[in-house]
Amino acid sequence: MTQALTADFDAPIDDRFFEDYRVGSTYSYGFITLTEDEILEFARKYDTQSIHTDPLAAKEGPFGGLIASGWQTTGVMMRLLADHYISANASLASPGVDELRWTAPVRPGDQLHVTATVADARRSKSKPDRGIVHTAVELANQREVVLTLTAMNFIRCRG
């Protein structure tokens, strides 16, 4: 199980509503470590580029070794958000993400953690039982940020 790396929300994830997402609040959670076998297994199914599937060929590639697919990296980020940040009882899905960037490669053995900052939260005018939360997300390994995006989530209001 992953852990909270900073002070967490006042409300637990299974009793968290729109009102609990306060603009400017930042939370960090981790860690998930990707092994070489996990990188290879994912890539052989979903992203068959040799930089992800062939350790020998990857050594001669642009990154000088095997790296995880950006889509696998995004999956790790999503797991950390789903386990800790996105309300388990009030989430009403997501209309998408903006500005997804893979800023550095993820290598076997990297320990990944996520930082989520509530960038904006506004109640819906057309559906007042919910709000939309925009979250600035960074996923980092032990050296640097490897992924950034802005997530959007519809969250049910408490009252």
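In this text the structure is predicted, and so the values were computed from the model without any measurement. For every chain, the first residue of the written sequence is number 1, and numbering continues from 1 along that sequence. Under the rules for a predicted model, residues below a pLDDT of 70 receive no local features and side-chain atom pairs below 80 are neither given nor counted, while totals for whole chains, interfaces and linings still include all residues. By convention in this description, side-chain values take in all heavy atoms of the structure and omit both hydrogens and water.

**Student:** Teacher, can you tell me more about the pattern of salt bridges here?
**Tutor:** Side-chain pairing between opposite charges can occur once the charged atoms of the two side chains come close. Salt bridge, as used here: a side-chain nitrogen of Lys or Arg that lies within 4 Å of a carboxyl oxygen of Asp or Glu. With the rule as written, the count across this model stands at 6 salt bridges. A salt bridge links Asp10 to Arg22, with the nearest nitrogen and oxygen atoms 3.8 Å apart. Of this pair, Asp10 sits in the loop between β1 (3-4) and β2 (26-33) while Arg22 sits in the loop between β1 and β2, and the two are 12 residues apart along the sequence. One salt bridge connects Glu19 with Arg123, and the closest N-O pair in it is separated by 4.0 Å. Separated by 104 residues along the polypeptide, Glu19 in the loop between β1 and β2 and Arg123 in strand β4 (residues 111-123) bring together distant segments of the chain. For Glu19, a relative accessible area of 30% puts it in the partly exposed group. We call a residue buried when its accessible area falls under 20% of the maximum for its residue type, exposed when it is over 50%, and partly exposed in between, using a 1.4 Å probe and counting protein chains only. We classify Arg123 as partly exposed; its relative accessible area is 38%. The way it works is that DSSP assigns letters per residue, a run of H or I at least four long becomes a helix, a run of E at least two long becomes a strand, and they are numbered from the N terminus.

**Student:** Would you take a moment to explain empty space enclosed by the protein for this structure?
**Tutor:** The probe, sized like a water molecule, is rolled over the atoms to show the empty space still left. A cavity here means a set of points on a 1 Å grid, drawn over the protein atoms and nothing else, where a 1.4 Å probe fits but cannot get out; a pocket is an open set with protein on both sides within 12 Å along at least five of seven lines, and a residue lines either one if it has an atom within 4 Å of a point. Grid points are joined across faces, edges and corners, and a volume is the space filled by probe spheres set on the points. Taken as a whole, this structure holds 1 cavity of 30 Å³ or more when the rule is applied. Its volume calculated, the largest cavity comes out at about 30 Å³. For the largest cavity, the full set of lining residues is Tyr21, Tyr85, Ile86, Ser87, Val133, Thr135, Asn153 and Ile155. If you list the elements that add at least two residues to the lining of the largest cavity, you get β5 (130-140) and β6 (145-156). Looking at the lining of the largest cavity, its residues break down into 5 nonpolar, 3 polar and no charged. Residues are grouped as follows: Ala, Val, Leu, Ile, Met, Phe, Trp, Tyr, Cys and Pro are nonpolar; Asp, Glu, Lys and Arg are charged; every other residue, Gly included, is polar.

**Student:** Could you clarify how one ought to interpret the environment of Tyr85 in this entry?
**Tutor:** Its place among the elements puts Tyr85 in the loop between α4 (70-84) and β3 (96-102). C-alpha separation for the pair Tyr85 and Arg101, spaced 16 residues apart in sequence, amounts to 20 Å. Residues count as neighbours in contact if any of their non-hydrogen atoms are within 4.5 Å of one another. What Tyr85 contacts, discounting residues up to four positions off in sequence, is Phe9, Ile13, Arg16, Tyr21, Tyr27, Tyr29, Leu80, Ala116, Val118, Val133 and Thr135. Any pair of nitrogen or oxygen atoms within 3.5 Å is treated as a polar contact; in protein, a donor-acceptor pairing is required on top of that, and neighbouring residues in sequence qualify only through side-chain atoms on both sides. Of note is the side chain of Tyr85, whose polar atom sits 2.8 Å from the side chain of Thr135.

**Student:** How do you make sense of the packing of aromatic side chains when you look at a structure like this?
**Tutor:** Centre-to-centre distance and the angle between the planes together describe a pair of aromatic rings. Two aromatic rings from Phe, Tyr or Trp, using only the six-membered ring of Trp, form a pair when their centres are within 6.5 Å; if the ring planes differ by under 30 degrees the pair is stacked, by over 60 it is edge-to-face, and anything between is tilted. One pass over the structure, following the stated rule, counts 7 aromatic pairs. For the ring pair Tyr21 and Tyr85, a centre distance of 5.3 Å and an interplane angle of 80° mean the geometry is edge-to-face. With Tyr21 in the loop between β1 and β2 and Tyr85 in the loop between α4 and β3, this residue pair connects regions lying 64 residues apart in the sequence. Of the two residues examined, Tyr21 and Tyr85, each falls in the buried class. Linked through ring pairs, Phe9, Tyr21, Tyr27 and Tyr85 together constitute an aromatic cluster. Our definition puts a charge over a ring when NZ of Lys or CZ of Arg is within 6 Å of the ring centre and also within 35 degrees of the ring normal. In this structure, Arg16 is placed above the aromatic ring of Phe9, and the distance from its NZ or CZ to the ring centre is 3.8 Å.

**Student:** How should I be thinking about the layout of surface pockets in this particular structure?
**Tutor:** The calculated volume of the largest pocket comes to roughly 170 Å³. Surrounding the largest pocket, 16 residues form its lining, Ile67, Ala68, Ser69, Gly70 and Trp102 being those nearest its centre. Among the elements of the structure, α2 (50-53) and α4 are those that each provide at least two residues to the lining of the largest pocket. In terms of residues, the lining of the largest pocket owes the most to one element, α4, which gives 3 residues.

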